[in-house]
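What follows is the residue order along each chain.
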Amino acid sequence: FSPDAKDANSLVNDMSRPTLKFDDVIGADDAKVELQFFVDYLKNPKEYANKGLGVPKGVLFYGPPGTGKTLLAKAVAGESDLTFISVAGNQFLDKYVGEGERRMRELFATARKYAPTIVFIDEVDAIAKERKGEHAAPDSVLTALLAEMDGFKVDAKKPVFVLAATNFEIEGNHGRVLDGAFVRRFDRQIYVDLPNKEARIKFMNMKIGKNPIFKLSDDAIENIAIRSTGMSLANLASVFEFSMRIAFRQNKDCVDYAVFEEAFETFNFGEEKKWDEAELRKTAYHEAGHAFLCWHSGEKPSYLTIVARGNHGGYMLHGDNEKIGAYTKKMLLDKIRTALGGRAAELVFFGDEDGLTTGASGDLNTATVIAKNMVCKYGMDKSIGLAVVDDTESREGALAVKIREAVNNVLSDELEQAKEILKLNKNAVNAIVEVLLQKNHLTAEEIDKIFAENTK
């Protein structure tokens, strides 16, 4: 495939016939299933036209950044074996009046010339934000785009199919929202979610398989997969690149788990900060408290560290709970008790005065949010009842006072339970603290082994 020189030098920054397939795109399995119909249509437009089926206009991808929306668009073109024209929304923003609209008309004229064609507009929110009258230039460009999408059904057997991608919401009462008329032009709006654990493992194995510099065991990959919940594949790719730079800087000939661990933690939380021994020991007890309460509830912590980075002095990461749907009351109380485990450990091991520190502020916030949701949203407190309480009711008046009392009762009860559990298991907490002070961080297997060996 070779476009005319004039077309290749136009605003189009990517005009090709991609060979990428759905199997090459890791994750986004639900999106790929939904896209299959459109691929079938684009491969057989004459067949569908002869059956009287209307020509689809396009698909809008939305979701968090780095989830593979651009790769999906190229895979649709690759599966369909069609010309793929890619542009970015901000290419249509120009200080000269009428220039953006002219570029939009030029884009679709080029697309019709090579039809059947896929036009992909990345970061389409630059021109398709909800119209409020304050941005005349983007509004006029959007109007031109809508006119093109309405008017390009000239030949049903040689369609121009539009794919667009955004990190914006497509509807809602707050936040960044796309224009309603624009969204309605698309046959489907497909949410492209962050990758699940299986997709993250597949991606990491792919990266390791392509570069022998990476020496990571299956256990290491599993550990990172659990800890990377909520990360996009783009971010994981950045960690891989960062780990190679660290290895080169340290004159190492491979990226082992220690190097990758440093890259992962630094990428997510920042450079390591040095603390004195007394502060480090108190942090170790704080994090050990979280870890033991979590382990005691039946959930295996996946990671534990006392290395200070960013705005934290260390942290405990919960186990692999991506697939949990509805939480029971017991599960929520376990989470509250675990969140309060740091404060409880400091009180048990350092006393009522030295054990009251500011280090538990984030934990208290976490526990309070869970308890308040139990009381106000989940109908789990008899004194408040089953009726859902909205935010205004929970902040003002006599009901707000009653809610605060109910929340405090939950928190106080769980803190006392946490303290009693830790008092009965001082050996286990002391044991893991000593190992933490030596190694700075522990994996799920190490945590489980230490607690199991030191608990009666």
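Just so it is clear, the model here is predicted, and its values are computed rather than measured.

**Digging into the overall build of the chain**
Next, step 1: What the chain contains, in helices and strands, is 19 helices and 11 strands.
Next, step 2: Projected onto the principal axes, the alpha-carbon positions of the chain cover approximately 80 × 65 × 45 Å.
Next, step 3: Split into buried and exposed, the 456 residues of the chain put 48% on the buried side.
Next, step 4: Sequence separation of at least 24 residues holds for 75% of the intrachain contacts in the chain that already meet a minimum separation of 6.
Next, step 5: Working note: accessible area of the chain is about 22600 Å², and carbon and sulfur atoms make up 50% of it.
Next, step 6: Side chains of the chain give 60 positive and 70 negative charges; the mean places of these two sets differ by 4 Å.

**Describing helix α11 (residues 233-249)**
Next, step 1: Taking 1.5 Å as the rise per residue, α11 with 17 residues should run 24 Å; its terminal C-alpha atoms sit 24 Å apart, in good agreement.
Next, step 2: Among the residues of α11, Leu233, Leu236, Val239, Phe240, Phe242, Ser243, Met244, Ile246 and Ala247 are the ones counted as buried.
Next, step 3: Those residues of α11 that are buried lie in contact with α9 (197-210) and α12 (257-269).
Next, step 4: A positive phi of about 60° marks Asn251, the residue just after α11.

**Quick notes on the packing of helix α16 (residues 361-376) against helix α17 (residues 397-424)**
Next, step 1: Contact geometry of α16 with α17 gives a least axis separation of 9 Å together with a crossing angle of 125°. Relative to α17, α16 is oriented oblique. Judged by the twist between their axes, the crossing of α16 over α17 is right-handed. Between α16, through Ala367, Thr368, Ala371, Lys372, Val375 and Cys376, and α17, the contact on the second element is made entirely by Ile403, Ala406, Val407, Val410 and Leu411.
Next, step 2: Residue composition of the contact of α16 with α17, grouped by class: nine nonpolar, one polar and one charged.

**Structural notes on the nonpolar core**
Next, step 1: The biggest cluster of nonpolar side chains holds 47 residues, and the ones touching the most others in it are Phe292, Leu304, Ile336, Leu422, Ile432 and Phe451.
Next, step 2: For this core, the elements supplying multiple residues, two or more each, are α13 (277-296), α14 (329-339), α15 (341-354), α16, α17, α18 (426-439) and α19 (444-453).
Next, step 3: In this structure, Ile85, Ala164, Ile170 and Phe186 belong to the second largest nonpolar core, which totals 33 residues.

**Overview of the pattern of salt bridges**
Next, step 1: Considering all chains together, one arrives at 23 salt bridges under this definition.
Next, step 2: Beyond isolated ion pairs, a larger network of salt bridges with shared partners links Glu99, Arg102, Arg103 and Glu106.

**Some points on the packing of aromatic side chains**
Next, step 1: Scanning the entire structure with this criterion turns up 15 aromatic pairs.
Next, step 2: Ring centres of Phe240 and Phe260 lie 4.8 Å apart, and the angle between their planes is 65°; this geometry places the pair in the edge-to-face category. Pair noted here: Phe240 is in helix α11 and Phe260 is in helix α12, with a separation of 20 residues, a long-range link. The two residues Phe240 and Phe260 agree in class, both being buried.
Next, step 3: With 5.7 Å between their ring centres and 45° between their planes, Tyr303 and Tyr315 make a pair best called tilted. Here the residue Tyr303 occupies a position in strand β8 (residues 303-305), and Tyr315 occupies one in strand β10 (residues 315-317), the gap between them amounting to 12 residues.
Next, step 4: For Tyr303, a relative accessible area of 1% translates into the label buried.
Next, step 5: In this structure an aromatic cluster arises from ring pairing among Phe203, Phe214, Phe240 and Phe260.
Next, step 6: Against the face of Tyr303 rests Arg227, its NZ or CZ located 3.5 Å from the ring centre.

**Here we look at the side chain of Glu101**
Next, step 1: Here Glu101 lies in helix α5 (residues 99-113).
Next, step 2: We note that Glu101 is buried and unpaired, the nearest opposite charge coming from Arg105 at a distance of 6.1 Å.
Next, step 3: Among the polar contacts made by the side chain of Glu101, one reaches the side chain of Ser140 at a distance of 3.3 Å.
Next, step 4: Excluding residues that lie within four positions of it along the chain, Glu101 makes contacts with Ser140, Val141 and Ala144.

**Focus: α17**
Next, step 1: With 28 residues, α17 extends 42 Å between its outermost C-alpha atoms, agreeing within 8% with the 40 Å of an ideal straight helix rising 1.5 Å per residue.
Next, step 2: Elements that come into contact with the buried residues of α17 comprise α13, α14, α15, α16 and α18.

**Some thoughts on the layout of surface pockets**
Next, step 1: Here the largest pocket defines a volume of roughly 860 Å³.
Next, step 2: Along the wall of the largest pocket there are 34 residues; nearest its centre are Glu287, His290, Gly314, Tyr315 and Asp363.
Next, step 3: Only α12, α13, β10, α14 and α16 provide two or more residues apiece to the lining of the largest pocket.
Next, step 4: If you tally residues by element for the lining of the largest pocket, the top one is α13, at six residues.

**A word on the environment of Lys300**
Next, step 1: Inspection of the secondary structure assignment puts Lys300 in the loop between α13 and β8.
Next, step 2: Look at Lys300 and you get partly exposed, because its relative accessible area is 49%.
Next, step 3: Once the C-alpha coordinates of Lys300 and Glu445 are considered, the two residues, 145 residues apart in sequence, prove to be 8.8 Å apart.
Next, step 4: Residue contacts for Lys300: discarding those within four places in its chain leaves His318, Gly319 and Asp448.
Next, step 5: For Lys300, the side chain forms a polar contact with the side chain of Asp448, separated by 3.4 Å.

Rules used throughout
- Residues numbered from 1 in each chain as written.
- Predicted model: local features only at pLDDT ≥ 70, side-chain atom pairs only at ≥ 80, totals over all residues.
- Heavy atoms only, no water.
- Helix = DSSP H or I, 4+ residues; strand = E, 2+ residues; numbered from the N terminus.
- Buried < 20%, exposed > 50% of the residue type's maximum accessible area, 1.4 Å probe, protein only.
- Contact = heavy atoms within 4.5 Å.
- Areas by Shrake-Rupley, 256 points an atom, 1.4 Å probe, with all protein chains shown as cover.
- Lys, Arg positive; Asp, Glu negative; His and termini not counted.
- Charge placed at Lys NZ, Arg CZ, Asp CG, Glu CD.
- Expected span 1.5 Å × (residues − 1).
- Axes fitted to C-alpha atoms, helices over the stretch in contact; angles between N-to-C directions.
- Parallel < 35°, antiparallel > 145°, perpendicular 65-115°, else oblique.
- Left-handed = near helix turned anticlockwise from the far one by under 90°.
- Nonpolar A, V, L, I, M, F, W, Y, C, P; charged D, E, K, R; others polar.
- Core = buried A, V, L, I, M, F, W, Y, C linked by side-chain atoms within 4.5 Å.
- Salt bridge = Lys/Arg side-chain N within 4 Å of Asp/Glu carboxyl O.
- Phe/Tyr/Trp six-rings, centres within 6.5 Å; stacked < 30°, edge-to-face > 60°.
- Lys NZ or Arg CZ within 6 Å of the ring centre and 35° of its normal.
- Polar contact = N/O pair within 3.5 Å; in protein donor to acceptor, adjacent residues only side chain to side chain.
- 1 Å grid on protein atoms, 1.4 Å probe; cavity = no way out; pocket = protein on both sides within 12 Å on 5 of 7 lines; lining within 4 Å.
- Points joined across faces, edges and corners; volume = space filled by probe spheres on them.

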